[in-house]
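Reading the structure
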Amino acid sequence: MERKKRRKERKEKKDGERKDKAGRERKRRRLSPPSEHEEEEKDKPDEDQDQVAEADADRGDKPAPPKRQPTPDLPGALPSFPLPRRPDAPSKLDLALQGLDSALANAEVVDPAVTRSVDDASLSEKMRRRLKELGIGELFAVQTALLPFLLPSSPAQRALYMPYDPPRDACVSAPTGSGKTLAYVIPIVEVLASRIVTRLRALVVLPTRDLVAQVRETFEAVGKGRGLKIATATGQHSFAHEQTQLMADRSKPLLGGSSKVDVLICTPGRLIDHLEGTPNFTLQHLRFLVIDEADRLLAQLFQDWLAKVLAATRPPSSLSSAFALSSPSSSVVPHADALAPAFASLLGLSPSSPSGLLTEFDEPKASSCQKLLFSATLTRDPGKLAALALREPRYFVVAGERKRAQGAEEREEEAGKMDGVVDFVMEKFSVPETLEEHYLVTSAAQKPLALMYLVHARGVGADSGGVLVFAKSAEAVARLVKFVEFFEEARVDALPADTGRRRVSVKAYSSDLAPGERRAILEGFKARKIDMLVCSDLVARGMDISHVEHVVSYDAPVDVRKYVHRVGRTARAGRKGCAWSLVEEQEARWFKEMLREADHLARVKHVRVRDEEKKWKELVPFNEAALKRLKETYSR
Ligand SMILES: Nc1ncnc2c1ncn2[C@@H]1O[C@H](COP(=O)(O)OP(=O)(O)OP(=O)(O)O)[C@@H](O)[C@H]1O
């Protein structure tokens, strides 16, 4: 009884407290106006709530504070100010194009499928004939786009000097193997073929000696029979030898310089050596300055090479500074021979013949040098491009078919066209359409076996054309070559004597080798005497070996540019090719992230290999034998 009574008292007390609280709340509501929050909750339509939720999801952070509503206008009251609105987030396109050079925003996006018959291009009869002799009947997309720009139909715009209407510069971004070399070689040969006197009129700068040799071959092939003199300067020969090859007259200072060659193909280091140390070496007559693999060269600013080269193409401020670089004895009055028009003012500046009269020499004239930048991964870094002081540059972007097709589905045609620019600006590089890409995740210990599995179970190399294998360093290259040799010995020894016992022949190609050795190995590989070339990133850029069907990144590339250049050694000039990346387990996340950021992951197939697969198991004993021998060799 007593307990029941206490329970009843407790219940009555609680009810009383609850009533008091509700009463206090009612009173508070009567006294104060409804809060903004409450009002909004009441009035907000469902749509609005959805939008807020979407915006929150977009930002991926805490829910936004509720929106304030404008106070309703009361009769006779002043109109209320509109409440501030959160601006819409800028689109990917707006962000990418922000602060961008208008020339780049207006880049010409070229469809890689576009071609043009050599007969329809505005080329000389001699050039058409020569191209056909070389088996070139159709111009590729980058050539189709660039030729009308570099070879306008008006003869005045093909002139060697254009002091009053200088040519515009160009930046060209096109996939690996798309024919960028011919896109500049053909116009240069066509324009220079009209020259009477030999002057240094075209300078092509490349990052490696091997590329210099390759581009020289192209110039010689295309320019055959046109009388142009072509030379290289890479430091492979002595400086004195190069000087004799390049210079016609070094005995007396000549204002117009002297040259035995029309076209010079060189590496930047040796170019600076000649600018600074070869008397009468001048760039004043340059009509073309080509910087191929431009992003790599612009990143190599040793010796400040670019600033010096650009300065040498422009008229100097004084006669003495004109000769400061190549002639230490500036007191000697140079002979006034054929100066380039832009440099003609130097005569008026001559300290020995001060001229008070205004003549044609005093008319301002621009340098006729047209700068042309090429790369499959061209930089869009405004700082680096600004250093080039480009003249009204035109941008040409050969955009991947796949990216354009996707764009066309989703966006307007114009926006689809912008895709190429956006991809270029955002460093999402195109690879050839004919390229198939794969990656395999493996443990570090099983990587050598994974390589040999690709060779013997997936048709990579040997019987299917050449295979290029990239390793991370010269040392890694040497080691891998030894492993493959030991593996092949063990495999072939296990075969019955009547099976032909053909081994995969393998060679190293790295910076450890002398240039002559490298050339011989490359020739052997091109002649298919070598099946597998194991190399460092030395050949990743620009090297054109047409029969390479497979590229294997034995060590994963460190960035997406390296990836693009490595895989681009195959699937060139419209041929098919396969790229394989062996990725160690601990690198897999990073590798995929790298490709995802470049919008490229979806294109690269993940290949899975099971340990119990028959072919894999068959190769295990050879792998073990090779590793054992490798260990013995390196522990000696
Ligand atoms: N119009 C053409 N017809 C047939 N073959 C061509 C044509 N243009 C170029 N080629 C061939 O295509 C191959 C690749 O050309 P090139 O080396 O110029 O490519 P690239 O764009 O400079 O590549 P990378 O970026 O890797 O340096 C070469 O073997 C070249 O001879």
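Residues numbered from 1 in each chain as written. Predicted model: local features only at pLDDT ≥ 70, side-chain atom pairs only at ≥ 80, totals over all residues. Heavy atoms only, no water.

Looking at an unreviewed UniProt entry, one finds the chain named ATP-dependent RNA helicase, with Punctularia strigosozonata as its source organism. A UniProt comment under Function (unreviewed entry) is attached to the chain, and it reads "RNA helicase." Taken from UniProt, the Sequence similarities (unreviewed entry) comment for the chain reads in full: "Belongs to the DEAD box helicase family." (UniProt positions renumbered as here; feature names shortened; annotations may be inferred.)

1. Section: the pairing of strand β13 (residues 506-509)
Examined bridge by bridge, β13 and strand β14 (residues 532-535) share four bridges and lie parallel to one another. Paired with Tyr509 across the two strands is Cys535, which belongs to β14. Assessed by its sense of winding, the connection that carries the chain from β13 through helix α21 (residues 515-526) to β14 is right-handed. (Pairing = 2+ DSSP bridges. Helix = DSSP H or I, 4+ residues; strand = E, 2+ residues; numbered from the N terminus. Right-handed = clockwise from strand over helix to strand, strands pointing away.)

2. Section: the nonpolar core
In this structure, Leu123, Tyr184, Ile186, Leu192, Phe219 and Ile265 are the most contacted members of the largest nonpolar core, which totals 63 residues. The biggest single contributor to this core is helix α8 (residues 180-192), with nine residues. A domain split of this core shows at least three residues from each of domain 2 (92-314 + 367-398) and domain 3 (434-634). When sequence neighbours within four positions are dropped, the list of residues in contact with Ile186 reads Leu123, Met127, Leu131, Leu139, Leu147 and Val222. (Core = buried A, V, L, I, M, F, W, Y, C linked by side-chain atoms within 4.5 Å. Buried < 20%, exposed > 50% of the residue type's maximum accessible area, 1.4 Å probe, protein only. Domains from an automatic or database assignment. Contact = heavy atoms within 4.5 Å.)

3. Regarding the pattern of salt bridges
What the rule picks out here adds up to 31 salt bridges. Put simply, Asp169 and Lys371 hold a salt bridge, and the shortest N to O gap is 3.6 Å. Placement of the pair is Asp169 in the loop between α7 (141-150) and β4 (170-173) and Lys371 in strand β9 (residues 370-375), with a sequence separation of 202 residues. When sorted by exposure, Asp169 lands in the same class as Lys371, which is buried. Within this structure, Glu293, Asp295, Arg541 and Arg561 form a network of salt bridges that share partners. (Salt bridge = Lys/Arg side-chain N within 4 Å of Asp/Glu carboxyl O.)

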